[in-house]
Amino acid sequence: MTKTTVPESHRTHKYIDPEKAHQRVKKRVMINNIAHVLFFLTIVFAMAVLCVLIFNIIKDSIGWLDWKFITGKLSIKPEKAGIKGVIMGSALLMAVVAPVTLFVGVATAIYMEEYSKKGAIHALININIANLAGVPSVIFGLLGLTVFGRLFGLGSSILAGGLTLSLLVLPNVVVASQEAIKAVPNSLREASYGLGATKWTTVRKVVLPGALPGIMTGSILALSRAIGETAPLVVLGIPTLIMKIPTGVMDDFTALPIQIYYWTLDTVLTKEYANLAAATIVVLLGTLFVLNSAAIIIRNKFQRRY
Amino acid sequence: METKNSVKFKIENMDFHYGDFQALKNINLEIKENEITALIGPSGCGKSTFLRSLNRMNDLIENTKVDGSITLDGVDIYKDYDVIDLRLRVGMVFQKPNPFPMSIYDNIAYGPRLNGIRKKSVLDKIVEKSLRAAAIWDEVKDDLKKNALALSGGQQQRICIARTLAVEPEVILMDEPTSALDPIATLKIEDLINELKKDYTIVIVTHNMQQAGRISDKTAFFLMGELIEFSETDKLFSNPENKKTEDYITGRFG
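Position numbers for residues count from 1 along each chain, tracking the sequence in the order it is written. Chains carry letters and ligands carry numbers; both start at the beginning, A for chains and 1 for ligands, and go up in the order they are written. In keeping with the model being predicted, local features are shown solely for residues with a pLDDT of at least 70 and side-chain atom pairs are shown and tallied solely at 80 or more, while totals for entire chains, interfaces and linings include all residues. With hydrogens and water stripped out, all remaining heavy atoms of the structure feed into the side-chain values.

1. Quick word on the overall build of chain A
Phase 1: Put simply, DSSP H or I for four residues or longer makes a helix, DSSP E for two residues or longer makes a strand, and each gets a number counted from the N terminus. Broken down by element type, chain A carries 12 helices and zero strands.
Phase 2: Listed by position from the N terminus, the elements making up chain A come as α-α-α-α-α-α-α-α-α-α-α-α.
Phase 3: For this measure, only C-alpha atoms enter the radius of gyration; the expected value for a globule follows 2.2 Å times N^0.38, where N is the number of residues. In terms of overall size, chain A is more extended than a compact globule, its C-alpha atoms giving a radius of gyration of 27 Å where 306 residues would be expected to give roughly 19 Å.
Phase 4: Taken along its principal axes, the extent of the C-alpha atoms in chain A is 95 × 55 × 35 Å.
Phase 5: Burial here depends on accessible area, computed with a 1.4 Å probe over protein chains only, as a share of the maximum for the residue type. Under 20% is buried, over 50% is exposed, and the range in between is partly exposed. Taken across its 306 residues, chain A has 37% of its residues classed as buried.
Phase 6: Sequence-distant contacts, at least 24 apart, represent 75% of the contacts inside chain A between residues at least 6 apart.
Phase 7: For chain A, the exposed surface amounts to about 17400 Å²; the carbon and sulfur share of it is 69%. Two residues form a contact once any of their heavy atoms are found within 4.5 Å. Here the Shrake-Rupley method, with its probe set to 1.4 Å, supplies the accessible areas, and only the displayed protein chains count as covering residues.

2. Considerations on the packing of aromatic side chains
Phase 1: Stacked, edge-to-face and tilted are the three classes for Phe, Tyr and Trp ring pairs, Trp counted by its six-membered ring, which pair at centre distances within 6.5 Å; planes under 30 degrees apart are stacked, over 60 edge-to-face, the rest tilted. Enumeration according to the criterion identifies eight aromatic pairs over all chains in this entry.
Phase 2: Relative to Phe 222 of chain B, the ring of Phe 50 of chain B lies with its centre 5.4 Å away and its plane at 40°, an arrangement referred to as tilted. Of the two residues, Phe 50 of chain B is situated in helix H1 (residues 47-53) and Phe 222 of chain B in strand E9 (residues 218-223); the sequence distance between them amounts to 172 residues. Residue Phe 50 of chain B shares its accessibility class with Phe 222 of chain B, and that shared class is buried.
Phase 3: Sitting over a ring, as applied to charges here, requires NZ of Lys or CZ of Arg to be within 6 Å of the ring centre and within 35 degrees of the ring normal. One residue, Lys 199 of chain A, lies across the ring of Tyr 115 of chain A, its end atom 5.5 Å from the ring centre.
Phase 4: Over the ring of Tyr 105 of chain B we find Lys 145 of chain B; its NZ or CZ atom is 4.6 Å from the centre of that ring.

3. Re unusual backbone geometry
All names here are of chain B.
Phase 1: Phi at Asn 13 is positive, roughly 45°, even though this residue is not glycine.
Phase 2: On the accessibility criterion, Asn 13 (47% relative accessible area) is partly exposed.
Phase 3: Phi is positive for Ala 135, which is not a glycine, with a value near 55°.
Phase 4: Within the element layout of this structure, Ala 135 appears in the loop between helix H4 (120-133) and helix H5 (137-140).

4. A closer look at the domain arrangement of chain A
Residues and elements named next belong to chain A.
Phase 1: Where each domain starts and ends follows an automatic or database-derived domain assignment. Taken domain by domain, chain A comprises domain 1 (16-61) and domain 2 (67-302).
Phase 2: Using only C-alpha atoms to locate each centre, domain 1 and domain 2 end up separated by 34 Å.
Phase 3: Between domain 1 and domain 2, the contact holds five residues from the first and six residues from the second.
Phase 4: Two parts placed together each lose some accessible area; with a 1.4 Å probe, that loss summed over both constitutes the buried area. Summed over both sides, the interface of domain 1 with domain 2 buries roughly 420 Å², with 77% coming from carbon and sulfur.
Phase 5: For domain 1, the biggest contributors to the area lost against domain 2 are Ile 57, Asp 60 and Ser 61; these three give 86% of the whole.
Phase 6: Counted as a polar contact is a pair of N or O atoms within 3.5 Å, where, for protein atoms, one must be capable of donating a hydrogen and the other of accepting one, and residues adjacent in sequence contribute only when both atoms are in side chains. Linking domain 1 with domain 2 are one residue pair in polar contact (both at pLDDT 80 or more), by the criterion used here.

5. Some points on the sheet that holds strand E1 (residues 7-18) of chain B
All names here are of chain B.
Phase 1: When DSSP finds two or more bridges between a pair of strands, those strands are recorded as paired. Reading across from one edge, E2-E1-E4-E5 is the order of the four strands in this open sheet, with antiparallel pairing throughout. The two strands at the open ends of the sheet, each matched to only one other strand, are strand E2 (21-32) and strand E5 (75-76).
Phase 2: With eight bridges connecting them, E1 and E2 associate as antiparallel partners. Paired with Ile 11 across the strands is Leu 29, a residue of E2.

6. Structural notes on the nonpolar core
Across soluble globular proteins, nonpolar side chains show a tendency to be buried alongside one another.
Phase 1: Residues enter a nonpolar core if they are buried and are Ala, Val, Leu, Ile, Met, Phe, Trp, Tyr or Cys, with the set joined through side-chain atoms within 4.5 Å. Counting residues in each nonpolar core, the largest one holds 52 residues, and the members touching the most others are Leu 131 and Ile 161 of chain B.
Phase 2: Residues contacting Leu 131 of chain B, with those up to four places away along its chain left out, are Ile 104, Ile 108, Ile 136, Trp 137, Val 140, Leu 144, Ile 159 and Ala 162 of chain B.

7. What to know about the sheet that holds strand E10 (residues 226-232) of chain B
Strands in a sheet are paired, the pairing made by backbone hydrogen bonds, and the direction either parallel or antiparallel.
Residues and elements named next belong to chain B.
Phase 1: Strand order across the open sheet formed by six strands is E6-E7-E8-E3-E9-E10, with mixed pairing between neighbours. Of all the strands in the sheet, just strand E6 (90-93) and E10 have a single pairing partner and so form its edges. The average angle at which neighbouring strand axes cross in this sheet is 15°, direction not considered.
Phase 2: Sheet topology note: the E9/E10 ladder contains six bridges and is antiparallel. Bridge pairing in E10 links Ala 220 to Phe 230.
Phase 3: Only the stretch in contact is used when a helix axis is fitted, and all axes are lines through C-alpha atoms; the angle between N-to-C directions ranges over 0 to 180 degrees. Across the sheet, helix H7 (residues 183-196) touches strand E3 (36-40), strand E7 (171-175) and strand E8 (201-205), and the angle it forms with E8 is around 150°.

8. Brief notes about the interface of chain A and chain B
Phase 1: Contact with chain A, which involves 17 residues of that partner, is made by 29 residues of chain B.
Phase 2: For the pair chain A and chain B, the summed buried surface comes to about 2100 Å²; carbon and sulfur atoms form 58% of the total.
Phase 3: One side-chain nitrogen of Lys or Arg within 4 Å of one carboxyl oxygen of Asp or Glu is enough to make a salt bridge. The interface formed by chain A and chain B holds zero salt bridges in total.
Phase 4: Elements represented by at least two residues in the side of chain A that touches chain B include exactly helix H1 (8-12) and helix H2 (18-61) of chain A.
Phase 5: With six residues, the top contributor of residues to the side of chain A that touches chain B is H2 of chain A.
Phase 6: Of the residues assigned to the side of chain A that touches chain B, the class counts are seven nonpolar, five polar and five charged. Three residue categories are used. Nonpolar comprises Ala, Val, Leu, Ile, Met, Phe, Trp, Tyr, Cys and Pro, charged comprises Asp, Glu, Lys and Arg, and polar comprises the others, including Gly.

9. What about the layout of surface pockets?
Which parts of space are left empty comes out when a probe the size of a water molecule is rolled across the atoms.
All names here are of chain B.
Phase 1: Definitions used for this entry: grid spacing 1 Å over protein atoms alone; cavity, a set of points where a 1.4 Å probe fits but cannot get out; pocket, an open set with protein on both sides within 12 Å along at least 5 of 7 lines; lining residue, one with an atom within 4 Å of a point. Grid points are joined across faces, edges and corners, and a volume is the space filled by probe spheres set on the points. Reported here for the largest pocket is a volume of approximately 580 Å³.
Phase 2: Arg 87, Tyr 110, Gly 111, Leu 114 and Val 167 are, among the 19 residues lining the largest pocket, the residues nearest its centre.
Phase 3: Elements with a minimum of two residues in the lining of the largest pocket: helix H2 (83-89), E6, helix H3 (104-114) and helix H6 (153-166).
Phase 4: Broken down by class, the residue content of the lining of the largest pocket amounts to 12 nonpolar, four polar and three charged.

The following block contains the structure:
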């Protein structure tokens, strides 16, 4: 091997003036501090907006949100109205959305990342999944109305609503799961194959456990989006006032966001409906808070470092 | 053969904590200018932690605490230095080659650009100088626009060294710079380190005792967070004072 000697001129000549560099450090540190403050202000702004929103809603709901409201039946008279049926509707809706979305979404992601050949078709499908995530929810409502409501004859049942919402959030779950699967290092797959494991064993024992936190976080966030969606359900034709409390997935129903929507519309008729809407929003926000906290706890609990 | 070089880093009564865990206990050490100081010891003995405190890389880890004093040319680096200033003077090369996902040219120009050098002609000169100094100029001079990640591991590590040199630091810290490389690439880097000694002060962590013996002037042996022995490399390897040092270098434990 030849010894590389560096010409003297290249070694000793200095291009960076230490004094100037030091002066620049002061400027650079100042710019860094400005960036720090700007980033801090954006979060202050976001928190302030959130606080105003929550404050207003809670103020309107005081005196209306009580146990009787949560366990009571719907009524035209504001002081008698309760949302037990509405909560049941949302719960049953999620009972449909959660398993369907999780199963189909994760299975699609596994196929796309682990099994399918990575060619032009793969890329095309990927782009379309990403595009689907950006389609307005009203369009999904129309699709649900046509396919589930009319073609399958499910009408405006919980099943029809749940399947529609599943379609709506599936792209998000697929993309989140794909990213989580991609983040599992290839060396782990190779270690598993190197021991004679099949693809399915590798996916089940190595890839999925590694990707689980990402998949769970993505799925729970998707569920919290589904629970707050209004437009697709409105398009499906959910009845305005349902007195019966739903017990199965074929029943007609109403859900939290829908009820908020109708009560807000009817505020022009009866002023107290605004308070009912506010109280329902508090319940919905509470549910979202619980769901998102669960997402964060699950992510932290299962978080792995490679 | 005690050298007359002046003291670059002076470390006195240094303790280091990760939370409740004490990683370094009462370290006292002098690192001299234009010398290569090797840090050896078994995994987890604190040698990397020590290296990373010399340019305050440990600041990036939460819940760590440094006690005692570390001075660079007599100035306390934890009290009287802006950390950015410090890192301009004390560069670092990491264990795994970590070039940025950009062209070779942009990798090298990253540091000089931070320091306000915008002129293409000057940048060109710095890039050439640094790549030459890192002994990789001849291999990449026609491909400066190529993505640095497309190079081999040994070449990537020399790009990383060139990137460090481009900022014109005074001290270069190296954390096992050859552990991910093949023997030929390792020899090239060792050759290079020897060459760089003329202009820089080098502190290198290595797991390879032959490497420490081949390239360093002084060697420090760490064990369980303590500095067991520090002396001329020849002396430490041929005639260690401490029984633990002898056991380690003869392979009786560690």
